[in-house]
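# Structural description and commentary
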Amino acid sequence: MRKEWIARVIVIFLLAAAIGIPAVGWWKRSQGIVIHARMAETGGWTPENLTVAVGQPLHLRLTSDDVTHSFAIGQSDQPAVEVKPGEMTEVTLTLDHPGKYTFYCTRWCSVNHWRMRGIIEVTGQQTTPEAVEPPLYILLGLDIDGDHDAEVVPAQMPSALRGAQFQNMVAAVYRSREYYQTHSPVELWQALRSEPASQPLADQDVWDLVAWIWQSNITPQELSVGQQLYTANCSACHGETGSGNGVFADLLAQPDTENHSVRQTGQMTIRPADFTDPVHILSASPAHLQGKLLRGGMGTGMPYWGPIFTEDQTWALIAYLWSFQFEMEKLP
Ligand code: HEC
Ligand SMILES: [Cu+2]
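Quantities reported herein were computed from a predicted structural model and do not represent experimental measurements.

## Remarks on the nonpolar core
The tendency in soluble globular proteins is for nonpolar side chains to be buried as a group. Grouped together as the largest cluster of nonpolar side chains are 49 residues, with contacts concentrated most on Leu-192 and Trp-322. Of all the elements in the fold, those that place two or more residues in this core are α4 (177-182), α5 (185-193), α6 (203-216), α7 (220-233), α11 (286-295) and α12 (311-322). Take this core: its biggest share by element is eight residues, from α6. Ignoring anything within four residues of it in the chain, the contact list for Trp-322 reads Tyr-180, Pro-185, Trp-214, Ile-218, Ile-281, Leu-282, Ala-284, Ser-285, Pro-286, Leu-289 and Met-328. In terms of nonpolar packing, the next biggest core, distinct from the first, is built from 21 residues, Leu-60, Val-91, Leu-93 and Tyr-101 among them.

## Quick word on the sheet that holds strand β9 (residues 117-123)
Spatially, five strands are ordered β3-β9-β8-β5-β6 in an open sheet, and the strand pairing comes out mixed. With one partner strand each, in any of the chains shown, β3 (49-53) and β6 (81-83) form the two edges of the open sheet. Within the sheet, the average angular offset between the axes of one strand and its neighbour, ignoring direction, is 30°.

## Some thoughts on the coordination of the copper ion (ligand 2)
Every protein donor of the copper ion (ligand 2) is listed here as His-69 (ND1), Cys-105 (SG), Cys-109 (SG) and Met-116 (SD), and their distances to the metal cover 2.0 to 2.6 Å. Considering all four donor atoms around the copper ion (ligand 2), the spread of angles at the metal, 87 to 131°, places the coordination shape in the tetrahedral class. For the copper ion (ligand 2), all donor residues lie on one chain, and their spacing in sequence is H-x35-C-x3-C-x6-M. With His-69 in strand β5 (residues 69-73) and Met-116 in the loop between β8 (99-105) and β9, the pair connects residues that are 47 residues apart, well separated along the chain. We note that His-69, like Met-116, is buried.

## Some details on the layout of surface pockets
A volume near 830 Å³ is recorded for the largest pocket. Forming the walls of the largest pocket are 27 residues, and the residues nearest its centre are Gln-75, Val-132, Glu-133, Gly-306 and Glu-311. When contributions to the lining of the largest pocket are tallied by element, the ones reaching two or more residues are β8, α2 (136-139), α11 and α12. Class assignment of the residues belonging to the lining of the largest pocket gives a composition of 13 nonpolar, ten polar and four charged. Residue-level mapping places the lining of the largest pocket at the junction of two domains, with at least three residues from each of domain 1 (33-123) and domain 2 (133-332). Taken as a whole, the second largest pocket encloses approximately 660 Å³ of empty space. Put simply, the parts of the chain that give the lining of the second largest pocket at least two residues each are α7, α8 (235-238), α10 (278-281), α11 and α12.

## A few points about the pattern of salt bridges
In this structure the tally under the stated criterion is nine salt bridges. For Arg-38, the salt bridge goes to Asp-65, with nearest N and O atoms at 3.0 Å. One end of the pair, Arg-38, is in the loop between β1 (33-37) and β2 (45-46); the other, Asp-65, is in the loop between β4 (58-64) and β5, with 27 residues separating them in the sequence. Judged by its relative accessible area of 26%, Arg-38 falls in the partly exposed class. Assessed through its relative accessible area of 39%, Asp-65 is described here as partly exposed. The partner of Arg-177 in a salt bridge is Glu-222, with the nearest N and O atoms 3.9 Å apart.

## Structural notes on a nonpolar patch on the surface
Taken together, the side chains of Trp-5, Ile-6, Val-9 and Ile-10 make up a nonpolar region of the molecular surface, amounting to roughly 400 Å² of accessible area. Summarising the element assignment, Ile-10 is placed in helix α1 (residues 2-31).

## Focus: the side chain of Asn-233
Position of Asn-233 among the secondary structure elements: in helix α7. Not counting residues up to four positions away in its chain, the partners in contact with Asn-233 are Trp-108, Trp-305 and Phe-309.

## As for α11
For α11, the tally of buried residues reaches nine of ten residues, placing the bulk of the element in the interior. Buried within α11 we find Pro-286, Ala-287, His-288, Leu-289, Gln-290, Gly-291, Leu-293, Leu-294 and Arg-295. The secondary structure elements touched by the buried residues of α11 are α2, α4, α6 and α12. Phi turns positive, to about 80°, at Gly-296, one or two residues after α11.

Conventions adopted
Residues numbered from 1 in each chain as written. Chains lettered and ligands numbered in written order. Predicted model: local features only at pLDDT ≥ 70, side-chain atom pairs only at ≥ 80, totals over all residues. Heavy atoms only, no water. Core = buried A, V, L, I, M, F, W, Y, C linked by side-chain atoms within 4.5 Å. Buried < 20%, exposed > 50% of the residue type's maximum accessible area, 1.4 Å probe, protein only. Helix = DSSP H or I, 4+ residues; strand = E, 2+ residues; numbered from the N terminus. Contact = heavy atoms within 4.5 Å. Pairing = 2+ DSSP bridges. Axes fitted to C-alpha atoms, helices over the stretch in contact; angles between N-to-C directions. Donors = N, O, S within 2.8 Å, 3.2 Å for Na, K, Ca; no water. Tetrahedral: all angles 85-135°; square planar, octahedral: opposite > 155°, others 65-115°. 1 Å grid on protein atoms, 1.4 Å probe; cavity = no way out; pocket = protein on both sides within 12 Å on 5 of 7 lines; lining within 4 Å. Points joined across faces, edges and corners; volume = space filled by probe spheres on them. Nonpolar A, V, L, I, M, F, W, Y, C, P; charged D, E, K, R; others polar. Domains from an automatic or database assignment. Salt bridge = Lys/Arg side-chain N within 4 Å of Asp/Glu carboxyl O. Patch = residues over 30% accessible without salt bridge, like charges linked within 9 Å, V, L, I, M, F, W, Y side chains within 5 Å. Areas by Shrake-Rupley, 256 points an atom, 1.4 Å probe, with all protein chains shown as cover.

As far as function goes, none of this settles anything; it's purely spatial.
See the structure below:
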């Protein structure tokens, strides 16, 4: 009698376990992974490394332990979502390509805001192996850390509109996309200046022509995408007007020089570049600027944006940077 009773209990127990254990696992998965957001100084994202199989939905529940943050995934169309203290924001992501994705905060929550980054590793077989082209500055072997001060600069801001009247004097070679990406405005100016066709032009006319050629490589669409990205990601340091005086510039330009051990790698040691300074910018090619953007300024505080932007977005940002040097079509 007693044995039968024990056997029953065991059967019921096993049944409960057989149903219960997978159910708990399923329940946990459906509830998702909780991610806590904190300012970079106090920890950033926890956890900051996630792994998921390709194509499998990743259910995240995001909450903040301090101020409002925002969660976004680099190089993807996934819209950014707000992450607020005391609330759970739920997101379900399905990533269709294996690889490493960077997730990051899009709100200027603190001076080290841009350090709020984490990685989602998507595992699985690469179906169509992607040929990853190295960025242009690598292909060209550019030394993006070298000094590059312009020997010649325009007397006034070059105007694409004024330059348009001389467009017939320009040989096709200077108008290609490739030329634009790989040369600085100064190099173009010097090349045009030495062309017999442009001898009758004044120096400023040649600068206007340079502005026109630059603008003809930039679409209005790129300018507006670039402007949005710049406002969201760059203006806090480089300033709304591009002159290197963003709200964080002063804070960041005073690293703790007394005590180097406190200093984090990449903490800003020099002021953000001034995009309105012709001496500094007109001597840089788009490939050079893109290189800095992708790689960041080693040890200077310029963040690396490689894992955040798509290639088109980087070119749109570069396009927008030129609007601090050249009068181009007015933005709406
Ligand atoms: C945290 C502050 C900070 C933010 C945010 C930031 N930058 Fe910078 N940036 C710097 C500093 C500091 C430098 C100067 C150091 C250097 O050139 O390496 C710099 C330099 C640059 C340069 C190099 C210019 C040259 O002289 O060759 C480019 C291009 C640039 N930034 C673009 C951007 C863009 C575009 C964004 C937004 C996507 C951005 N930066 C966001 C701090 C910042
Ligand atoms: Cu944040």
